[in-house]
Amino acid sequence: MVSVDELKHYVDPRNVEEYIFEMGLHPLFSAMIESLNIPHYIDEKCGPPDPRELLSTGELAKAFIINVLDQRTPVYKLADSLKYADCGVLFRPGIVSEDFTQDRLGKALDAIADIDQQKLFSEISLQAMKIHGVPVNTVHIDTTNFSVYGDYNTKPHDGFNATECGAPKSKRKDLKAVGLGAAVQEHRIPFFIQALSGNDSDAVWFRSALAKMASLFDGNLYSRPILVFDAAASNTEMFENASSSKTPSIIRLSRVFNATGESIRRAWEENRWQEVGQLANSDKGSYYSICTFDFDVVSGWRLTVVHSTTLQKTKEKSMQKSLPKKRERIEKQAAKLNKKEFETMAKAEAAALEFAEKHITLEKPFTYEVNIISETTEKYARRGRPTADTPKIKNTTYKVEFILGDLDQDLYEQWLKEESCFVLVDNVPKDRCSSKEILINFKKQWKVENMFHFIKQPLDLGPLWLEKPSRIKSLLFLVSLAVLVGSFLIHRLHVTLSGKPQGKDDPKATPRKLRDVTGRRVERPTFNMVRELLFKLKIICYNEDGRWVRKFLRQTDRSLINLIVDIGFSPGIYLEQYNTTFDLWNYKST
């Protein structure tokens, strides 16, 4: 045991009251949330806060958003995520992590559930894009779903509920699911979201989203943003709605349409491909070729067949992997056929032909050989013990010998040509976008998928107390707001690094790169890169002459403080409660 005298050797002898706070990115997230006026918007929609309540709904929503962007602790342990942060700076003096109780958080989710979340999200986002000078030229629209633990055997909230899902992304069909539909613009900034029940139809929602986009943006096929949809949106009603509303749209055509296969085969037959080349700045990027026709299903639409070398390689690998199993299944069925007896040769040949048509296809490209084997047997014409004069009857039966051969190279090549292509249809005027530009716009669909990927890293919905569908819906709304906050944070950094510090036109400024934790210089850093750099940022808080003083630690890397400034905020956001003077951004308008 260490004695009192020995203890003095190890313990700081100064009689100073001080604390070390692990702030990380919390103040940066808080400042971005405040600069977008998110707490104000939420409190305004939820009504005046009860003066008896310590924290408003907007402040509690802010805590949710910070947690989603940072540690992703389960929501029922949200207070723990703020335990080592200075809540007096993040919120206001006197607030501590223990104030974020489950009861308060649950009530906040209930209050948020009663507002028009879709309308509020678009209002916040579109206003933020306006003052940041962010354009909306293309809109990428998609849906995803999340599996949730728990029974959730409750009534739907405003048509929303956790339900069984036919194709959950998690592959967990034993769990119920909820969905989320979203629209993001070309800089990956979302401006439209909607919580969906697990069994809501993508096709129906896409039509609703199309109508919403038409209401948000005035204009025609030349002036409205171009909407980009995946194959789930390809249906005749969708095409007609886009045409009648004069909303320019690009849609991947589903294989359900005969026009998909027909146009791909026609493209190879006519062989008038236009080389597009690579769209990504990568040695491993795919090479694309396109072939354009008129889309006969709907007047005024263009159809573009796209061949991708990367898709071709992917299909080649999948075929090579699946061939042994396909062979095994066909041979197993052939063995059953070979045991059957047929009364006539014609019936045996018909059975063999039917089997070949069913089992030998472009997806199962094997050669095969068919032999019809006859077998004649004799038996006595009547029952009982035969005598010398009992006549015999000859009976001839026929069997199929189906022999599976090697890979049919011709069938395989035809299959590979068709599978290495996909089809896009659009109603964008040809003098606004060429077929190549249509492909370029479609290939940016990963931007909305990337948003969903971020949301799902990992998200614990906490079945212990998040048992109401209304609360799940509210949480999805707050998670979407977190994505919006993170998107603007990174957008501001990209603008500064491009040569416009804090959005200002400075002739002396030149494009720069950010050095990540590995020392690599990056032109367009990601959210995770910024999080890795600032994750361990700490401040010291000590009492000096009766007042609390906050400072960065002496050993803090100056480049980290400069990073905060590059994002458009004063380092003071780490030391004091946020106020508008800490926002250094040069806004375009108000």
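Everything numeric in this text was worked out from a predicted model, so none of it was measured.

Student: With reference to specific residues and values, describe helix α11 (residues 258-270).
Tutor: Side chains that are three or four residues apart share a direction in an α-helix, a result of its 3.6 residues per turn. Helix length check: α11, at 13 residues, gives a terminal C-alpha distance of 18 Å against a target of 18 Å (1.5 Å per residue), a fit within 8%. Within the sequence span of α11, burial applies to A259, T260, G261, S263, I264 and A267. Considering only its buried residues, α11 is in contact with β8 (287-294), β9 (302-308), α14 (409-419) and β12 (421-426). Positive phi shows up at N271, right after α11, with a value of about 50°.

Student: Could you give me a rundown of the sheet that holds strand β4 (residues 190-197), with the residues and numbers involved?
Tutor: Read from one edge to the other, the open sheet built from nine strands follows the order β4-β3-β2-β5-β6-β12-β9-β8-β7, with strand pairing classed as mixed. Whereas interior strands pair on both sides, the edge strands pair on one side only; in this sheet they are β4 and β7 (274-278). Strand-to-strand twist across the sheet, computed as the mean angle between neighbouring axes with direction ignored, equals 25°. Summarising the sheet, strand β5 (residues 226-229) and strand β6 (residues 249-252) pair through three bridges and their orientation is parallel. In the strand pairing of β6, L227 is matched with S249. Across the sheet, helix α9 (residues 202-216) is in contact with β2 (138-148), β3 (176-185), β4, β5 and β6; its angle to β2 comes to roughly 140°.

Student: Hey, could you go over empty space enclosed by the protein for me, with residue numbers and the actual values?
Tutor: Evaluation of the coordinates by the stated rule reveals two cavities of 30 Å³ or more. Approximately 30 Å³ is the volume attributed to the second largest cavity. Around the second largest cavity, the lining residues are P27, S30, A31, V89, L90, I573 and Y578. Elements that contribute at least two residues to the lining of the second largest cavity include exactly α2 (26-35) and α6 (87-90). No other element matches α2, which puts three residues into the lining of the second largest cavity. Split by residue class, the lining of the second largest cavity holds six nonpolar, one polar and no charged.

Student: Please provide a residue-by-residue account of the sheet that holds strand β16 (residues 547-552), values included.
Tutor: Strand order in this open sheet of three strands is β1-β15-β16, and the pairing throughout is antiparallel. Every interior strand has two partners, whereas the edge strands, β1 (18-22) and β16, have only one. Strand after strand, the sheet turns through a mean of 25° between neighbouring axes, direction not considered. In terms of strand pairing, β1 meets strand β15 (residues 538-544) through five bridges, oriented antiparallel. Looking across to β15, one finds that Y19 is bridged to C541.

Student: If you had to explain unusual backbone geometry to someone new, which residues and values would you point to?
Tutor: The backbone of R188 shows a phi angle near 70°, a positive value even though the residue is not glycine. Positionally, R188 belongs in the loop between β3 and β4. R188 sits in the partly exposed class, given a relative accessible area of 29%. Residue N271 is not a glycine yet carries a positive backbone phi of 50°. Note on placement: N271 falls in the loop between α11 and β7. Classification of N271 as exposed rests on a relative accessible area of 53%.

Student: Report on the nonpolar core, specifying residues and quantitative values.
Tutor: Counting 129 residues, the largest nonpolar core has F100, I141, V305, L481 and Y574 as the members making the most contacts within it. Broken down by element, this core gets its largest block of residues, 16 residues, from helix α17 (residues 469-497). One finds M319, A348, F366 and L416 within the second-largest nonpolar core, a separate group that totals 21 residues.

Student: If you had to explain the packing of helix α12 (residues 309-339) against α14 to someone new, which residues and values would you point to?
Tutor: With their axes 9 Å apart at the nearest point, α12 and α14 run at an angle of 135° to one another. The angle between α12 and α14 places the two elements in the oblique class. Note that α12 runs across α14; the crossing there is right-handed. Residue-level inspection shows L311, Q312, K315, E316, M319 and Q320 of α12 in contact with α14, the latter providing Y412, W415, L416 and E419. In the contact of α12 with α14, the residues fall into five nonpolar, two polar and three charged.

Student: Tell me about the layout of surface pockets, residues and numbers included.
Tutor: In this structure, the largest pocket encloses a volume near 790 Å³. Lining the largest pocket are 23 residues, and of these H187, R188, N450, I490 and H494 lie nearest its centre. Counting residues per element, the ones that place at least two in the lining of the largest pocket are α16 (446-455), α17 and α18 (527-534). Per-element accounting of the lining of the largest pocket gives the leading share, seven residues, to α17. When its residues are assigned to classes, the lining of the largest pocket shows eight nonpolar, eleven polar and four charged. In this model, the second largest pocket occupies a volume close to 620 Å³.

Student: How would you sum up the packing of aromatic side chains? Please name residues and give values.
Tutor: Evaluation of the coordinates by the stated rule reveals 17 aromatic pairs. Look at F191 and F217: their rings are 5.8 Å apart centre to centre, the planes differ by 85°, and that puts the pair in the edge-to-face class. In this pair, F191 is assigned in strand β4 and F217 in the loop between α9 and β5, connecting sequence segments 26 residues apart. The exposure class of F191 is buried, given its relative accessible area of 0%. By way of ring pairs, the aromatic residues F192, W205, F206 and F229 are connected into one cluster. Sitting over the ring of F91, K62 keeps its end group 5.3 Å from the ring centre.

What counts, and where the lines are drawn
Residues numbered from 1 in each chain as written. Predicted model: local features only at pLDDT ≥ 70, side-chain atom pairs only at ≥ 80, totals over all residues. Heavy atoms only, no water. Helix = DSSP H or I, 4+ residues; strand = E, 2+ residues; numbered from the N terminus. Expected span 1.5 Å × (residues − 1). Buried < 20%, exposed > 50% of the residue type's maximum accessible area, 1.4 Å probe, protein only. Contact = heavy atoms within 4.5 Å. Pairing = 2+ DSSP bridges. Axes fitted to C-alpha atoms, helices over the stretch in contact; angles between N-to-C directions. 1 Å grid on protein atoms, 1.4 Å probe; cavity = no way out; pocket = protein on both sides within 12 Å on 5 of 7 lines; lining within 4 Å. Points joined across faces, edges and corners; volume = space filled by probe spheres on them. Nonpolar A, V, L, I, M, F, W, Y, C, P; charged D, E, K, R; others polar. Core = buried A, V, L, I, M, F, W, Y, C linked by side-chain atoms within 4.5 Å. Parallel < 35°, antiparallel > 145°, perpendicular 65-115°, else oblique. Left-handed = near helix turned anticlockwise from the far one by under 90°. Phe/Tyr/Trp six-rings, centres within 6.5 Å; stacked < 30°, edge-to-face > 60°. Lys NZ or Arg CZ within 6 Å of the ring centre and 35° of its normal.

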